[in-house]
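Residue-level structural notes
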Amino acid sequence: MISKNYFNNAGLGSILDKILAGDRLSIEDGHTLFECKDLTALGTLASIVRRKMHGSKTFYVLNRHINYTNICINGCLFCAYARERGEQGAFQLSKEDIMEKLRSAPVAPREIHVVGGCHPDIPLSFFEETFVSIKSEFPQAVIKSFTAVEIAHFAKIEGISTIETLERLRKAGAEMLPGGGAEIFAPETRRKICPKKLDADNWLRVHGEAHKLGYSTNCTMLFGHIESIADRLDHLDRLRKQQDETGGFNCFIPLPFLTENSRLEIEHPLTGIDELKTIAISRLMLDNIPHIKAYWVMLGVKQAQTALHFGADDFDGTVVEEKIGHMAGASSDQALTRSELEEMIRGCGFTPVERDAAFNEV
């Protein structure tokens, strides 16, 4: 066992005391963690919390991603996925396209993850009709659909409120919201990378509305672009304050920024150490959000495996086809099988546990 003196020497003794006592870490504690040069000490602290919450369990799900369009009006500087209508590479799926992708999945999905661009004129009724068909044909699957940014976009083009939008989608079969669109909450940084996108206050408001309607939702943070460490900690703090208020966040997904195909020029791209440090600190700061995802699509499989020792307890799932991360430059496979997921988890010394979308064990 690593001694208390070890953490004292790393400058983390008082933080260890807080963690063992179950006390919330402050923003100042977060800065101390980011300044720490001992990655092993950080990983050990995050592992203490992760094992206290989940033991050796590492979760995965049989899921299927559906990216229904990349036509988008927002034009975010960092985004390599979006296209304008008529531009080379632009696409838009029909209802039958979506149904065929689900039918052709290697295994029947328990979770269907539906996100895309903010298309200027796809009506909400298109998705209502599609979701009714999905639930009829795949009743075992949970539809996890639309970022808060997409919800606000639908509300605008329909001339209704975001809560009415959420209510209509829930009646059609949607049960969860993914966590995308959060990017980074700090206003000045957000204005630079995604000036047309829903702002932080309204992103949080939409998730709060969803929580009150009975949705569970995920949350994310895009890091490694032009944001500061203070921006990252502010983002994590705002997420946990929202969780204190409405309690519906199920899982946090730290998303490393991929530079390969982005228009956003980054002087110092992320290192693997910074990725692991941010994952560990996320586990330590987000004391009220139960799960941290090692999203292998964006991290790469090997780094995602390592992240399981740095606070992450979820390995996502089979995915089958993913366009957003891969168009940004992700070099990971498009899909993993159940046996591959389980083998990777066991190979790291953890126990694989298949889950449904809400983290109920299957």
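Conventions used here
Residues numbered from 1 in each chain as written. Predicted model: local features only at pLDDT ≥ 70, side-chain atom pairs only at ≥ 80, totals over all residues. Heavy atoms only, no water. Helix = DSSP H or I, 4+ residues; strand = E, 2+ residues; numbered from the N terminus. Rg over C-alpha atoms; globule rule 2.2 N^0.38 Å. Buried < 20%, exposed > 50% of the residue type's maximum accessible area, 1.4 Å probe, protein only. Contact = heavy atoms within 4.5 Å. Areas by Shrake-Rupley, 256 points an atom, 1.4 Å probe, with all protein chains shown as cover. Lys, Arg positive; Asp, Glu negative; His and termini not counted. Charge placed at Lys NZ, Arg CZ, Asp CG, Glu CD. Phe/Tyr/Trp six-rings, centres within 6.5 Å; stacked < 30°, edge-to-face > 60°. Lys NZ or Arg CZ within 6 Å of the ring centre and 35° of its normal.

Scanning the protein for helices and strands turns up 16 helices and ten strands. The C-alpha atoms of the protein give a radius of gyration of 20 Å, which matches the 21 Å a tight globule of 362 residues would have. Across its three principal directions, the C-alpha atoms of the protein cover 60 × 45 × 40 Å. By residue count, 60% of the 362 residues in the protein fall in the buried class. Long-range contacts, defined as pairs at least 24 residues apart, comprise 76% of the intrachain contacts of the protein with a sequence gap of at least 6. Within the structure as shown, the protein displays about 14,500 Å² of accessible surface, and the carbon and sulfur contribution to it stands at 50%. Taken as two groups, the 41 positive and 50 negative side-chain charges of the protein have centres that lie 2 Å from each other.

This part is about the packing of aromatic side chains. Applying the stated criterion across every chain yields a total of twelve aromatic pairs. Between the aromatic rings of Phe131 and Phe146, the centroid separation amounts to 5.7 Å while the plane-to-plane angle is 25 degrees, which identifies the pairing as stacked. Taken as a pair, Phe131 in helix α6 (residues 124-137) and Phe146 in the loop between β4 (142-145) and α7 (148-158) lie far apart in primary sequence, 15 residues in all. In textbook terms, an aromatic cluster arises when at least three aromatic residues are bridged by ring pairs, as seen for Tyr68, Phe126, Phe127, Phe131, Phe146 and Phe154. When the ring centre of Tyr215 is taken as reference, the NZ or CZ atom of Arg170 above it lies at 5.2 Å. Cation over ring: Arg355 sits above Phe359, and NZ or CZ is 4.0 Å from the ring centre.

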